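In case you want the letters, here they are:
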Amino acid sequence: MDYRKTALYAALVVVALILWNSWQREFPPQADNPTITVATSTAPNISNVPGSSSGAVPTTNSLVPHTMAAKAALTSSKSSTTGKTISIKTDLLNLTIGLKGGDIEHADLLQYPLGLHDKTNKVTLFTRAGDNYYIAQSGITGPQGPDTQKGPVQYSTTKTQYTLGAGQKELVVPLVYRAANGLELTKTYTFKRDSYTIDTGYKIHNNSNKAWKGYVYTQLARNQPERSSSLIAHYASFTGGAISSPKEHYQKLKFKNFASEPVNENITGGWAAMIQQYFLTAWVPPAGQTYHYYTQANNNIYTVGMMGPQLTVHASQTLQTHNKLYVGPAIASRLNALAPYLSMTIDYGWLFFISKIIFWLMMLIHGFIGNWGWSIILTTIVIKALFYPLSDKSFRSMANMRKMQPRMQQLKERFADDRAGLSKATMELYRKEKINPLSGCLPILIQIPVFIALYWVIIQSVELRLAPWMFWIKDLSVHDPYYILPVLMGVCMFVQQKMSPPPPDPTQAKVMMFMPVIFTVFFLHFPAGLVLYWITNTLFTICHQFFVYKKVERADKMKKLTNNK
């Protein structure tokens with residue numbers, strides 16, 4: 001069995017899988033977006049909520065927003081505003097909240113420029129502008145509302161602008177609503193310095209002479225973003241919803257399945273999120289409480305959310321409840337601190353265990369040198385060092401095979417018309433000289449899972465977004481704008497190929513000659529960081545291979561000198 005042929009097939013399979021995966025993400029199957037009819041389910045009782053007389057989760061989805069709120073969302077998505085708004089600015093976020101419903105209608109991430117050539121504008125998650133409808137909604141629903149009576153309630157505030165000042169650690173934004181029936185509702189957003197987590201709380205005071213009952217809901221609603229025509233979009237990761245539960249810690253929710261496979265279940269703990277490449281938004285309920293999770297699809301508006309247990313506030317009593325909303329980058333340390341398994345939204349694919357190790361090592365190195373390009377190079381060197389003994393053995397076998405080339409040529413001439421005889425004679429020669437023809441493919445086979453894992457690290461880790469290396473490489477997460485790195489990679493592959501023993505089959509040898517060109521074309525639009533890894537790996541492979549060859553040659557000369565004496 002020819003090791004070069006095995007390595008060639010393995011490399012082509014890897015590239016084909018990556019390209020197919022990218023194609024599927026860029027051009028997913030299209031699905032209709034019909035209005036859904038949500039099924040009903042029986043919900044278990046849970047422990048009582050403080051201040052309430054009943055802790056039951058609703059037994060039907062008839063209360064789930066939005067029969068009312070979906071209509072509000074569809075209506076409001078047609079225009080750029082829903083009426084009066086207030087603006088909030090912290091050290092990390094710039095937000096707009098609509099007083100009609102108290103929903104977050106706009107959110108800019110101040111630390112994340114829109115692109116390499118547009119650093120003035122920032123990444124926007126929530127927005128009502130144009131066709132990019134995406135908002136975070138919350139409210140109180142139920143027979144006594146107030147959000148299910150005649151639409152979302154109209155809140156009032158004392159200011160229209162709120163700013164987290166220098167030296168200020170916390171910013172509290174209260175929204176107040178007073179109903180004619182004596183219900184007084186204060187919806188409070190609390191922002192903290194250096195945090196993308198927003199505490200959303202309700203203070204419900206019942207001034208009437210009878211008990212009030214209702215349910216708090218939180219949800220994320222957005223339309224499906226348009227596919228980009230850019231080749232870079234081939235590397236984009238999953239965009240859609242996600243939920244977590246004890247039985248399935250990370251469950252992806254594809255937009256096309258919101259209508260055909262709606263979520264309708266009670267979950268203790270967990271979270272509900274909308275995720276996209278590098279960024280996410282997520283609602284996280286109080287730990288240990290059972291919430292009713294649901295999804296809806298209506299006229300290209302996709303909603304994922306949850307509704308809490310029934311709240312009962314007796315006459316002249318007050319109740320408070322809180323949920324957390326994350327609006328920001330997918331940084332594992334922040335997500336782990338917020339909720340269990342939320343960091344799984346950083347989806348590293350089926351080789352996630354290798355990807356996490358690679359990223360951990362890159363983070364460790366980056367902490368010392370402060371450059372992600374050099375971190376990739378040094379990580380590659382560490383990986384090469386770990387597999388040095390295995391590679392050394394492989395290159396020794398290849399060096400011995402190079403020595404056998406004259407004898408192999410004699411066998412080809414001797415068995416020119418007998419392929420079976422040539423194969424048998426070749427294997428006998430390998431056995432006699434103690435050469436393993438398969439050992440030469442081990443370095444390539446080893447680097448394949450590392451290559452795939454690093455691919456996912458680069459396209460999923462927000463830390464590498466817009467991360468420069470040096471000179472013309474200003475963003476390691478996208479392709480080299482001048483295609484210099486892919487060409488250098490092709491040259492390195494050609495040099496390595498020349499150093500390796502040629503395949504015995506002339507046809508295969510000709511195919512192998514074109515491999516550097518084929519891989520160069522494949523890598524033209526791969527992230528620069530990935531190409532940098534491949535160049536570094538190939539260069540150190542060439543150096544190691546050259547060192548082993550020289551060592552074997554010196555050993556042979558010494559052996560001949562000893563035998564001559």
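> Which parts of the structure should I look at to understand the sheet that holds strand 15 (residues 279-284)?
Two strands in a sheet stick together by hydrogen bonds in their backbones, pointing the same way (parallel) or opposite ways (antiparallel). If you trace the eight strands from one edge of the open sheet to the other, you get 7-8-9-19-15-14-11-12, paired in antiparallel fashion. Bordering the open sheet on either side are strand 7 (170-178) and strand 12 (251-253), each of which pairs with just one other strand. For this sheet, the mean inter-axis angle between neighbouring strands, taken without regard to orientation, is 20°. Note that strand 15 and strand 19 (residues 318-329) share six bridges and pair antiparallel. From the neighbouring strand, Ala282 faces strand 19, where its bridge partner is Tyr326.

> Honestly, a nonpolar patch on the surface in this entry has me stumped. Any pointers?
A cluster of nonpolar side chains, namely Val487, Val491, Phe494, Val495, Met513, Phe514 and Ile518, defines an oily patch on the protein surface of about 590 Å² accessible area. Sorting the residues of the nonpolar patch by element identifies helix 10 (484-499) and helix 11 (506-523) as the ones contributing at least two each. The dominant element in the nonpolar patch, judged by the number of residues it contributes, is helix 10, at four residues. Its location among the elements puts Val487 in helix 10. In this structure Val487 comes out as partly exposed when scored by relative accessible area, which is 46%.

> What am I meant to see in the packing of aromatic side chains here?
Scanning all chains against the criterion turns up 22 aromatic pairs. Centre to centre, the rings of Phe451 and Phe523 are 5.7 Å apart; their planes meet at 45°, and the pair counts as tilted. Separated by 72 residues along the polypeptide, Phe451 in helix 9 (residues 442-460) and Phe523 in helix 11 bring together distant segments of the chain. The burial state of Phe451 is the same as that of Phe523; both residues are buried. Measuring from ring centre to ring centre gives 6.5 Å for Phe471 and Trp472, while their planes differ by 10°; the resulting arrangement is stacked. By relative accessible area, which is 60% here, Phe471 ends up exposed. The exposure class of Trp472 is partly exposed, given its relative accessible area of 24%. Connected via pairs of aromatic rings, a cluster forms that spans Phe451, Tyr455, Trp456, Phe519, Phe522, Phe523, Phe526 and Trp534. The ring of Tyr134 is capped by Arg222, whose NZ or CZ atom sits 4.2 Å from the centre of that ring.

Procedures and definitions
- Residues numbered from 1 in each chain as written.
- Predicted model: local features only at pLDDT ≥ 70, side-chain atom pairs only at ≥ 80, totals over all residues.
- Heavy atoms only, no water.
- Pairing = 2+ DSSP bridges.
- Helix = DSSP H or I, 4+ residues; strand = E, 2+ residues; numbered from the N terminus.
- Axes fitted to C-alpha atoms, helices over the stretch in contact; angles between N-to-C directions.
- Patch = residues over 30% accessible without salt bridge, like charges linked within 9 Å, V, L, I, M, F, W, Y side chains within 5 Å.
- Areas by Shrake-Rupley, 256 points an atom, 1.4 Å probe, with all protein chains shown as cover.
- Salt bridge = Lys/Arg side-chain N within 4 Å of Asp/Glu carboxyl O.
- Buried < 20%, exposed > 50% of the residue type's maximum accessible area, 1.4 Å probe, protein only.
- Phe/Tyr/Trp six-rings, centres within 6.5 Å; stacked < 30°, edge-to-face > 60°.
- Lys NZ or Arg CZ within 6 Å of the ring centre and 35° of its normal.

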